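Geometric and topological summary
Here is what each chain is made of, one letter per residue.
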Amino acid sequence: MAVLTDRPAAPVARRADRGPRAQVNRILGYAVLIAFGLVFLYPFVIQLGNSFKTEPDAAANPLSPVPDPLTLAGFERIFAGTNFPLWLGNSLLVTVLVTLGRVFFDSLAGYALARLRFRGRAGLFAAIIAVMAVPGVVLLIPKFLVLKQIGLYDSYAGLVVPLLADAAGVFIMKQFFESVPVSVEEAARIDGAGVFRTFWSVVLPMARPALITLTILSFQGSWNEFPHSLVSVQNPDLFTLPRGLADLVSGSLGKGTQYPLKLGAALLATIPVAVLFVIFQRYFVRGANEGADKG
Amino acid sequence: MATEALRAPATTPVKPPRRRGGGVRGNENIAGWLFVAPVIVILGLFLLLPILMALWVSLTDWNGQGSPFTGDVPFVGGENYTRLFTEDGLDRRDFMTSIRNNMYYVGIVVPVQTALALGLALVVNNRMLKGKGFFRSAFYFPSVTSSVAISVVFLFLFANSGAVNKLLGLLGVNGPEWFADSRGVLHLLLGSVGVDTPPGALTSGGPFGLTWWDWFAGPSVALVSIICLVIWTTSGTFMLMFLAALQNVPVALDEASTLDGATRWQRFRHVTLPLIKPTTFLVLTLGLIGSWQVFDQVYVMSQGDPAKTTLTPAYLSYRTAFRDFDYGSGAAISFVLFLIIILLTLLQRRVMADRDEPRRARWWRRRVPEGS
């Protein structure tokens, strides 16, 4: 993202940057930043602190980030008393498969739409754009019907296959491939490489930035995916993390109790995406501005 | 910088890589369809086909047993739809209640998140402050986390003796029992000026089976906590959009207007705001589209309770189908919601196309952050 702050300041700007008024403005600016920084981050601090508390402590001092006494009881119960390890395994499996599938299939389609001349290309692209506008939540019942009809309901395949491609990803890849000069591919083709060879070993390696963006969007999207798992499986052995968490909160454990356990489980479910976010921040930002799709 | 790489339009028009006989063209024709085949199959099978199947189911009385496509399933025509709009009964009352709730939800979420996102973007874009990168990430981070995990955190924050009520207590305010409180905010406001019992004219009738008094209840206290959560999670994404727009505002323009003696507010009102108008419109419409889709938060935090005041059309369609096994009605609610959202999307595409003429090629690129 272009940062305009580093250009040499014009005289006017320099005058505006100093002086008592600017000083006051700066302090006000920092005050706003810090206040909102707290609003946006403190809930996570509370979550972290309270997941290490005892239940009475969490109930009595919810605002305090410091556990007194510090206990791992919540986490022990997450692993001993819930199906958390199973949900974690399912989530990992689903996320890895969905991410691989999306990256591969979306790139294939994106490349074809950007470069290959085949009959019906324009119409197909228009259809994909139209599909991007279909809101996910109205598909809950429809998806359930199809999965049931073709026998994928309540199976790993039902969790994974419907998510293996997404219109937004195809779109991102198409845009990227269009920005790559054609000359490289021409050289490969003249050397006798077939269409797939050219795509796989010449074009795809050049698409690294777009591939990283797509990988991250897919990982984040499928790791956090909730409504799809709600309508594609009902067997508790197939629950993913968000589904298991939702079950934990609204199910047998009831409301208002066991907060350290629930907060800890939610914390563990947040960590993978948080780590990705810290490492690949600029790709997240790009995703948000280009084709972010959390659903 | 990073975004520009993806945005840059193709510098050379796409032309056939080779000029040879029909052989290569034929080859590309087959390769092209093979390349897009997996995506077509998946999107066709799990997006287009389902919509058609659900359209059929919305015209039947299917109860979830067996296949909905056999002759045994009673065909009821438009009955599932008329029950939502014209026949007085529980179905219509629930549906209209969910529409009312969602309208208040949209009415608060969209303006507040837009204003907050713009405000944060302005501060983060300030040339004189350091550490902006950190704060930008901090504001954006909630947007990338799991909606379910975050809902769990907010259940704790808004618990009866939770952090929010503790904070309110410090200010001397007695916090409500957030998720048990079905009182409408507007009713509460009226109550505070002494209007406790509704005037008879408002309770005796009203459109679509709800009394005027019910229509004007305002969002319930419980819904307000969900509204807070959603504003908190989506503002970051929209802030990034505003930030991208603000960074395209030439510094020279700002400086020139400063030289002309414009105040900070005048500069914002007459220089910045007009320049970022397309983005503002984009954020508003994306917010409108997204906030009709709220589902995850309702499912985790309130399940439509208390007293149906957090019911939304998306959640109601789910509940009608999967809890009451009335798949026909559920599908019908989905389609009405679908219609609302598609109309908003068309409106957005139309106006963006008009307004954003020079950059028309990208008006449809953005996606809606879910649940906003």
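Notes on the structure follow. (Residues numbered from 1 in each chain as written. Chains lettered and ligands numbered in written order. Predicted model: local features only at pLDDT ≥ 70, side-chain atom pairs only at ≥ 80, totals over all residues.)

Before going further, it helps to examine the overall build of chain A. A count of helices and strands for chain A gives 16 helices and zero strands. Here chain A, with 295 residues, has 47% of them falling under the buried criterion. In chain A, of all internal contacts separated by at least 6 residues, the share reaching a separation of at least 24 is 76%. (Helix = DSSP H or I, 4+ residues; strand = E, 2+ residues; numbered from the N terminus. Buried ≥ 20, exposed ≤ 12 C-beta atoms within 10 Å, placed from the backbone. Contact = placed C-beta atoms within 7 Å.)

Turning to the packing of helix α14 (residues 241-250) of chain A against helix α6 (residues 147-157) of chain B, a few remarks are in order. Here α14(A) crosses α6(B) at 25 degrees, and the two axes come no closer than 9 Å. The angle between α14(A) and α6(B) falls in the class roughly parallel. For the pair α14(A) and α6(B), the sense of crossing is left-handed. Within the contact between the two elements, α14(A) uses Pro242(A), Leu245(A), Ala246(A) and Val249(A) and α6(B) uses Val148(B), Ala149(B), Val152(B) and Leu155(B). Class assignment of the residues belonging to the contact of α14(A) with α6(B) gives a composition of eight nonpolar, no polar and no charged. (Axes fitted to C-alpha atoms, helices over the stretch in contact; angles between N-to-C directions. Parallel < 35°, antiparallel > 145°, perpendicular 65-115°, else oblique. Left-handed = near helix turned anticlockwise from the far one by under 90°. Nonpolar A, V, L, I, M, F, W, Y, C, P; charged D, E, K, R; others polar.)

What follows deals with helix α9 (residues 167-179) of chain A. All names here are of chain A. For α9, spanning 13 residues, the distance from its first C-alpha to its last is 19 Å, which sits close to the expected 18 Å at 1.5 Å a residue. The element α9 is largely enclosed, with a buried count of twelve among its 13 residues. Regarding α9, the residues found buried are Ala167, Ala168, Gly169, Val170, Phe171, Ile172, Met173, Lys174, Gln175, Phe176, Phe177 and Glu178. (Expected span 1.5 Å × (residues − 1).)

Moving on: the interface of chain A and chain B. Facing 106 residues of chain A, the contacting portion of chain B comprises 98 residues. The leading source of residues in the side of chain A that touches chain B is helix α2 (residues 19-51) of chain A, at 14 residues. Residues that form the side of chain A that touches chain B fall into these classes: 70 nonpolar, 18 polar and 18 charged.

Right, let's talk about the environment of Leu259(B) for a bit. All names here are of chain B. Structurally, the position occupied by Leu259 is in helix α12 (residues 251-259). The exposure class assigned to Leu259 is exposed, which follows from the 11 C-beta atoms found within 10 Å. Sequence spacing of Leu259 and Val294 is 35 residues, and the spatial spacing of their C-alpha atoms is 47 Å.

What follows is about the environment of Leu84(B). All names here are of chain B. Relative to the assigned elements, Leu84 resides in helix α3 (residues 79-85). On the neighbour-count criterion, Leu84 (22 C-beta atoms within 10 Å) is buried. Between the C-alpha atoms of Leu84 and Leu116, which are 32 residues apart in sequence, the distance is 36 Å. Beyond its immediate chain neighbours, meaning those up to four positions away, Leu84 contacts Asp91, Arg92, Phe95, Ala332, Ile333 and Val336.

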